[in-house]
Amino acid sequence: MRIDGKGRIDRTRPLTFAFDGVSYPAYKGDTLASALMANDVRVVGRSFKYHRPRGILTAGSEEPGALVEIMGPANQTPNTRATVQEVFEGLTARSQNRWPSLRWDLLGINDLASPFLSAGFYYKTFMWPRAFWEKIYEPLIRRAAGLGSLSGRHDEGTYEKAYAFCDLLIVGAGPTGLIAALAAGRSGADVILAEDAAEMGGRLLSDEGQIDGAPAQEWLASVLAELALMPNVRLMPRTAVTGAYDDGTYGALERVGLHRRPRPNLPRECFWRITARRTILATGALERPIAFADNDRPGIMMASAMASYLNRYGVSPGRKVTFFANNDSARATARSFVAAGLSVAAIIDSRPDAPDEGDIPVHKGAVVIGTKGRHGLQEITLRTGSGEVRLETDALGMAGGWNPSLHLTCHMNGRPRWSAELAAFVPSPGAVPGLVAAGAANGTFSTHGCLAAGLAAAQEVLTDLGHKAAPVDLPQAENAPYTISPLWAVPGKGRAWLDFANDVTTKDVALSAQEGFSSVEHMKRYTTQGMAPDQGKSSNVAALAVLADATGRGIPETGTTTFRPPFVPVSIAAMGAGARAEGFAPQRFMTSDQASRDRGAPMIEAGLWYRPSYFPKPGETTWREACDREVAMVRNSVGISDVSTLGKIDLQGRDAGRFLDFVYTNTFSTLPVGRVRYGVMLREDGHVLDDGTTARLGENHWLMTTTTAAAGLVMRHLDFVHQAFCADWDVRFISVTEHWAQFAVAGPKARDLLTSALGAAPGLPFMGVRAATIQGVAGRVFRISFSGEEGYEVAVPARYGEALFRDLTARAETMGGGLYGMEALNVLRIEKGFITHAEIHGRTTAFDIGMEKMVSAKKDCIGKAAASRPGMIGAARAQLVGLKPLTDSPLTAGAHLFTQSADVKRETDQGYVTSVGYSPTLASWLALAFLHDGRARHGETIRLVDHLRKVDVLCTVTDPVFHDPMGEKLRA
Amino acid sequence: MPDLIAKPALGAAPLTIAGTTLSENGATQITAIAPYPGSQAALAQALRPLGLTFPAPNQFTEHGDVRLAWSGRDQAFLIGGEAPADLPAAVTDQSDAWVSLQIAGPQARAVLARYVPLDLRAASRGQSLRSALNHLPLLLMVEAPDSYTLMTFRSMARTAWAELHEAMIKVEARLALT
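Residues numbered from 1 in each chain as written. Chains lettered and ligands numbered in written order. Predicted model: local features only at pLDDT ≥ 70, side-chain atom pairs only at ≥ 80, totals over all residues.

**Looking at the overall build of chain B**
In step 1: Helices and strands together make up the secondary structure of chain B, namely three helices and 11 strands.
In step 2: Listing the helices and strands of chain B from first to last along the sequence gives β-β-β-α-β-β-β-β-β-α-β-β-β-α.
In step 3: Its C-alpha atoms give chain B principal-axis dimensions of roughly 55 × 45 × 30 Å.
In step 4: Relative to its full complement of 178 residues, chain B shows a buried share of 43%.
In step 5: Expressed as a percentage of contacts within chain B between residues at least 6 apart in sequence, the contacts between residues at least 24 apart total 59%. (Helix = DSSP H or I, 4+ residues; strand = E, 2+ residues; numbered from the N terminus. Buried ≥ 20, exposed ≤ 12 C-beta atoms within 10 Å, placed from the backbone. Contact = placed C-beta atoms within 7 Å.)

Okay, here's the thing in C-alpha cells:
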C-alpha cells in the first residue's frame, strides 16, 4: 500500500503499467517491485522447482524471487528483477514459470511432491532407462523447472559496448563511495563513480539517518550537486560493475534505456570495459535472511528492504508488520514504520539480552517457527521462553545480519576472510591488485564508520596516485556498534528456505552432507544452491553455515564457494552489442564489387571478402549453367576474374631472398629478376601453411602472393619468423594487398586481350613479371595462371581497379569472352589439379600433396625438420589423388573412400574428398581427394560414400591433374 | 594522364551528428618507410630535406602538410609528400591501401570510446597509434583533442563508415536524455 508523505517518488508524475494483463497506477521513481507493492500485488512469481508463490524479498539487484518478463516491441526480456526495473509509462510485465496463471499454477503440484524432489532427486531418479534421458526426462524437467522464456526471435534491440578509463573507479555510491568521490574529485583525479541503482546514495536513501545534525539526504544532495559540476568526475548511475579482470580492467553493465519507453537508437544497455589505475570497492553490504519453517511466503522480506520501500518509495508491504532479528539494525526501520502510522506488531529478537524498543513489543530470545498464508503472509508462530505464540501479521522483516558485498574481490581467485566478530566474510586485502574495499563492503557497518573509511581510502589512493589530497571534512553521523548473535536457521519441523530462487532448504543442505557431498563446492552443485540468476547473494553464507553445522566444522574451515563474474546477470545482447547480422564481422569489398553486382552476380563470402559466385546470363536458370559456360569460355576464349583478395606482401632488403629461402621449402634466392616462382610454406610442425607465387621485382625487391584465406596468417608467420629468428637480417616487409587491384586474364585469347589493353604485346614468358603502364597508370603484369590456360594478372593501384575491371570486361566481351566467378574458378583449378585450402587444410604435408620434391635438400627452412619425422611421409599417409566417377554421378566434398569389398565403417576408411566440381571440359564430375598410399593406386576403383547426402559412387583413382597434364597450354 | 578513372575508397558525403562530423579524407600519397637495421643516422640525414625526423613509437612528426607517422615496428608512413630517393629503408607505396576518415567535434571521443580501446583522455596532436576500430585494424592520429584521423583498410571502408555512423546516432540518442 502507498504511504502518504513518504518516499522519493515524484507524485506529480503518475504513470500506468501492466502486470499480467492488469493495468496499475504508479509514480515516476517507482520500481516495478515498489509499484506492485503499492497496488497490494503480493505474488510476483513462482519458484524454480516447487512453483511456490514468490513475493518480493529485497529492494535491490540481489533479488532472488521477484523475477518477471518485460515485454517490449522487439524484445521479451526474461528474469528481470522487479526490484531493479523502473516503471515507465506503458511498461508491460508478465510473471513467469507458472501455468496457467500466477495465482493458480498447476505445476504447484511439484510442491506437494516435494518429499520426492529433494536434493539430488534428478541424479537418483532419472538414471534409467538411459535412452529416456534426452527424449523424455530432460524436456519434462525443462518444462517443469525453469524461469523466464525467450521469444525465439532475434533480439533486434539496440545495445552498445564502450571503453572508459579513469584514475579511480569507485564502485558504489553510498556514503563510502560518495565521500571518496568527493575527496578524489576535489583533488583533481579522474573519477568514475558507478552505482548499480537508478539513484545515488545507497542506504542514505533508505534509512532516515542524520549527517551533521541534518537529514542525511541533505548531505547527499549537496555532495551530488558538487560532484555533478566536476568535469573530472563521471557519474554512472544504473551501472553495475560486473567483474574484476587483469590490469585494473572491470566489466560494467549500464542500463541506458531499460528504464524508459524505447526510443530509436537509444541503447537498451551498454557493456563497459573500464580501466582504472585504482579502485575503491564501496558496494556496501547485503542483509541476509534467517531460515525458519515456511519463511518463503510473499510478505516475508528483508527488514532493510522494508526500510527502502517505506522511505524511498513510500510503500509498505503490509499494514501490520513484524520483524525477526538477531541484531539491532531493524530497530530504526521499526521506528520508521511506527512514525509512518503503521502498526508494528512485534520485534522478535533471538538475543535473550536484546534491548527494549519503546512501545513496540520485543520478544527477547524468541524465534519464528512457522508461518501461514497461501498467497501471502497472514500469521506467524513464535517460540518464546514461555511457549508458542501466534501473531497476526502481513509483513515480516528478516534481519539476520549483514554480508559485505565483497564479490568483486574474489574475481581473481581471492578468498574472503571470516570475521567471527561480524559473523560474516570480509574481503582479503590485496585480493584484486589496485582495489581496496571500504565501508560496509569491508565490514564497517555504521554510517560514520563508512564515511571515515571512504575518506581514508580515497586519501590513501590519491597519495598513491601522486595527487595532493584536497581537504574534505569528515561529517558526523550515526556510529552505533554492530552487535550480532549469529542465527542461521531455526531448528524445527517444516521446510526452511535458504535459496529462495532455486528452492534449496536447510534439509537439502543437510542431506547433501549426509550423502557425502560435504565440501561446499559439492554441496552447491548437488543442491543447486546459489546457482540461480541471483547467484546466491542472499543464501550463500547461510547455506555454508548450515553445512558447517551439519558436518561439525567451523564456518572458516567450510569456506565459501567461488564468486565469479558477472556480479549481476549480463545480457548476451549487451556483451555482443553490434555483432548481430552484418555486424558480426567486417565486410571487405573489392574494387569491382559494384561492377559485379551490376551484372547480377550473387556475392558469396570468402573469408571476410565478398566475391562473385557466377555471372548469370539471360536464359540461364541454374548456377551450374552459368558455371559451365564460364569454364568453357576460359578454356576456349578469355575470362576475367578479380583476384585482388589474394594476399600480397612486399619484401625488400639485401637479405630478402635469404628470408624467402628460409620460409619457403624451395629456393628463391636464385630466381632471376623479372621472374615468378611457385612456393610452398610450412608451419614449424611440418604441415603446409600456405602456397603461392613470389615475384622478383628487383635485385632486393620481391612480391609474395598468398592465398586469400591465409593472407593474415602468412603475414603473422613472417613477422614471427623475422622477429624470433632473424631480427638482424636486412629485410623489411609490409602488406600491399589493399594497395593493388589485380585481375586475372585467362584463356587462349588472353594474350590478344592484353595486347589490346596495353597497346602492346605483353611480351612475357610463362612465370614472368614486368612493370607496365596500363592506360596511363603505372602497374604490373604477371604471366601466371590458376586455370591451366595461358594466363596473366594485371595489377593497378586500387583507385583505378573498378575502371580497369570494366575496361577488361568490355574488351573480353568483344572477343567472345567475359567474366567468370568463384564457381568457375574452382572448376578450372580442379581440372588442373591445383590445390587450395580445401586441400592444405592444416593436416596435410608437402608429401601428402605430392610436393615433397619441392622441399629443398640443399638448405634449411621452417618446418623442414618436422616434415621429415617418421609418420609425416610414406605409404601410410593419405595422398592427393584425383577421382572420376565410373557413371555420370555427382560427387560430394566431405565424402569418404572405401575399397569395393570393405564394409563401410570408420575402421575401413581409406580417405576423404576435399574438392568436387563438374567439368564441362571433360564432361564428368571430378574430385580431389586424399587416399591412403594414393599415388600408388592410380587406376584403382574406389567406393565414394557420403552418408549425409546419400551418395554412393564408384570412382577411378587418377592423377590429380586432369587437364593439360604436361602444361603445354600454360607455356604456349 | 591516366585514361582510367580514379575512385575514392568510399566516396561518402560528410555526416554531422550531435555537432560532430565524420568525413572521408581525400586521397593522398602514403609511403611506408621501413629503415634497415643500423640506418638511423643515414635516415635522419636523408629525411632532412623534408624537415622531418623519423618518429618515435606512437608519434608523428610533421612539417607543413607532410607528416611522418609511426605505423608499426621499424615503420612509418610518409603522408602527403614524396619520399626522397635512395632512403636507407624499404620504401613501399601504400597510397591506395587505406581509407582515411576524420572524426571531429565535441562527441568525437565519445564515439571512439565505443570501438577504440585507447585511453584518449590526454590525447594531443602528434600521437599516431595502432589499435582497433571495433574489429577493424586502425591507425589513429590525433589532430587535436577533439579531432582524429582514422585509417583502416580500404576494402573495409564501408564497415568502418557504417559502424562509426551507428555509434554517432547512439551517442546522440544518449545526449537527448540529458
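**Describing the overall build of chain A**
In step 1: Each helix and strand in chain A was counted, giving 23 helices and 50 strands.
In step 2: Seen through its C-alpha atoms, chain A measures out along the principal axes to roughly 110 × 70 × 55 Å.
In step 3: Looking at chain A as a whole, 55% of its 972 residues qualify as buried.
In step 4: Contacts in chain A between residues far apart in sequence, at least 24 positions, make up 66% of those at least 6 positions apart.

**A short note on helix 8 (residues 331-339) of chain A**
Residue and element names in this part refer to chain A.
In step 1: When helix 8 is considered as a whole, its buried residues turn out to be R331, T333, A334 and F337. Seen end-on, helix 8 carries its buried residues on one side only, within an arc spanning 160°.
In step 2: Of the surrounding elements, those touching the buried residues of helix 8 are helix 7 (303-313), strand 18 (320-325), strand 19 (343-349) and strand 24 (395-399).
In step 3: Looking one or two residues past helix 8, G341 carries a phi angle of roughly 90°, positive in sign. (Arc of directions from axis to C-beta.)

**Quick look at the domain arrangement of chain A**
In step 1: Under the domain assignment, chain A is made up of domain 1 (10-112), domain 2 (159-285 + 404-465), domain 3 (588-645 + 739-829), domain 4 (647-735) and domain 5 (874-972).
In step 2: One C-alpha centre belongs to domain 1 of chain A, the other to domain 5 of chain A, and the line joining them spans 63 Å. (Domains from an automatic or database assignment.)

**Some remarks on the pairing of strand 6 (residues 76-81) of chain A**
A regular strand carries its side chains on alternate faces of the sheet.
Residue and element names in this part refer to chain A.
In step 1: Two strands pair when backbone bridges link them, and strand 5 (residues 67-71) and strand 6 are joined in this way by four bridges, in the antiparallel orientation. Counted as the bridge partner of I70 is T77 from strand 6.
In step 2: The antiparallel pairing of strand 5 with strand 6 creates a hairpin that spans four residues between the two strands. (Pairing = 2+ DSSP bridges.)

**As for the interface of chain B and chain A**
In step 1: The partner chain A presents 44 residues to the 39 residues of chain B that form the contact.
In step 2: Elements with a contribution of two residues or more to the side of chain B that touches chain A: strand 3 (30-35), strand 7 (89-93) and helix 3 (157-175) of chain B.
In step 3: The dominant element in the side of chain B that touches chain A, judged by the number of residues it contributes, is helix 3 of chain B, at six residues.

**Overview of the sheet that holds strand 4 (residues 60-63) of chain B**
Residues and elements named next belong to chain B.
In step 1: Strand order across the open sheet formed by five strands is 4-5-6-3-7, with antiparallel pairing between neighbours. The sheet is open, and its two borders are formed by strand 4 and strand 7, each paired with just one other strand. Going across the sheet, the axis of each strand differs from the next one's by a mean of 20°, ignoring polarity. (Axes fitted to C-alpha atoms, helices over the stretch in contact; angles between N-to-C directions.)

**Side note on the domain arrangement of chain B**
Residue and element names in this part refer to chain B.
In step 1: Along its sequence, chain B is organised into domain 1 (15-27 + 96-175) and domain 2 (30-93).
In step 2: Computed over C-alpha atoms, the centres of domain 1 and domain 2 are 24 Å apart.
In step 3: Contact residues are listed per partner, giving eight residues for domain 1 and nine residues for domain 2.
In step 4: For the side of domain 1 that touches domain 2, the elements supplying multiple residues, two or more each, are strand 9 (128-133) and strand 10 (136-144).
In step 5: Top element by residues in the side of domain 1 that touches domain 2 is strand 9. It accounts for three residues.
In step 6: Across the side of domain 1 that touches domain 2, the residue classes break down as four nonpolar, three polar and one charged. (Nonpolar A, V, L, I, M, F, W, Y, C, P; charged D, E, K, R; others polar.)

**Details of the environment of R174 of chain B**
In step 1: For R174 of chain B, the position within the fold is in helix 3.
In step 2: Excluding residues within four positions of it along the chain, R174 of chain B makes contact with V256 and L266 of chain A.

**Some thoughts on the sheet that holds strand 34 (residues 639-642) of chain A**
Residues and elements named next belong to chain A.
In step 1: An order of 41-42-43-40-34-44 is seen for the six strands of this open sheet, with the pairing classed as mixed. For this open sheet the edge positions go to strand 41 (769-774) and strand 44 (818-819), each flanked by a neighbour on one side alone.
In step 2: Relative to strand 43 (residues 791-797), strand 40 (residues 740-746) is paired through seven bridges, and the arrangement is antiparallel. By the bridge assignment for strand 43, Q742 is matched with A795.
In step 3: Most of the contacts of helix 19 (residues 750-758) go to strand 40, to which it runs at about 135°, and overall it touches strand 40, strand 41 and strand 43.

**Some thoughts on the packing of helix 10 (residues 506-514) of chain A against helix 11 (residues 520-527) of chain A**
Residues and elements named next belong to chain A.
In step 1: Orientation of helix 10 relative to helix 11, taken along the N-to-C sense of each, is 120°, at an axis distance of 9 Å. In terms of their interaxial angle, helix 10 and helix 11 are classed as oblique. Helix 10 and helix 11 meet at a crossing whose hand is right-handed. Packed against helix 10, whose contacting residues are D508, V509, S512 and A513, the element helix 11 presents M523, Y526 and T527 at the interface.
In step 2: Here the contact of helix 10 with helix 11 is built from residues that sort into four nonpolar, two polar and one charged. (Parallel < 35°, antiparallel > 145°, perpendicular 65-115°, else oblique. Left-handed = near helix turned anticlockwise from the far one by under 90°.)

**A closer look at the packing of helix 5 (residues 175-186) of chain A against helix 6 (residues 216-228) of chain A**
Residue and element names in this part refer to chain A.
In step 1: As a packed pair, helix 5 and helix 6 sit with axes 10 Å apart at the nearest point and diverge in direction by 35°. In this structure, helix 5 meets helix 6 at a crossing whose hand is left-handed. Contact with helix 5, carried on its side by L178, A181, L182 and G185, involves V223, E226 and L227 of helix 6 and no other residues of that element.
In step 2: Across the contact of helix 5 with helix 6, the residue classes tally to five nonpolar, one polar and one charged.

**Quick notes on helix 20 (residues 801-814) of chain A**
All names here are of chain A.
In step 1: Helix length check: helix 20 (14 residues) gives 20 Å between terminal C-alpha atoms against 20 Å at 1.5 Å per residue, within 8%.
In step 2: All of the buried residues along helix 20 are G801, E802, A803, L804, F805, D807, L808, T809 and A812.
In step 3: Where helix 20 terminates, the next one or two residues include G816, which has phi positive at roughly 85°. (Expected span 1.5 Å × (residues − 1).)

**Remarks on the environment of T914 of chain A**
Residues and elements named next belong to chain A.
In step 1: Its location among the elements puts T914 in strand 47 (residues 911-919).
In step 2: Taking the C-alpha atoms as reference points, T914 and H841, separated by 73 residues in sequence, lie 9.2 Å from one another.
In step 3: For T914, the contacting residues outside a window of four places in its chain are A838, E839, A893, L928, A929 and F930.

**Things to note about the confidence of the model for chain B**
For residues with low pLDDT, the predicted coordinates do not support detailed interpretation.
In step 1: With 99% of its residues at a pLDDT of at least 70, chain B reaches an overall mean of 96.
In step 2: Confidence estimates for the predicted assembly give a pTM of 0.94 and an ipTM of 0.98. (pLDDT = per-residue confidence, 0-100.)

**Considering the environment of T371 of chain A**
Residues and elements named next belong to chain A.
In step 1: In this structure, T371 sits in strand 21 (residues 367-372).
In step 2: Note on T371: 21 C-beta atoms within 10 Å, which makes it buried.
In step 3: With 19 residues separating them in the primary sequence, T371 and R390 have C-alpha atoms 9.1 Å apart.

**Side note on unusual backbone geometry**
Residue and element names in this part refer to chain A.
In step 1: Here the bond from P565 into P566 is cis, since omega is 0°, no more than 30 degrees from zero.
In step 2: Examined against the element boundaries, P566 turns out to sit in the loop between helix 13 (555-558) and helix 14 (572-575).
In step 3: Even without being glycine, D20 reaches a positive phi, approximately 50°.
In step 4: Relative to the helices and strands, D20 resides in the loop between strand 1 (10-19) and strand 2 (22-28).
In step 5: The exposure class of D20 is partly exposed, given the 16 C-beta atoms found within 10 Å.
In step 6: One non-glycine residue, D964, lies in positive phi territory at about 45°.
In step 7: Looking at where D964 falls in the secondary structure, it is placed in the loop between strand 50 (951-958) and helix 23 (968-971).
In step 8: D964 sits in the partly exposed class, given 18 other C-beta atoms within 10 Å.

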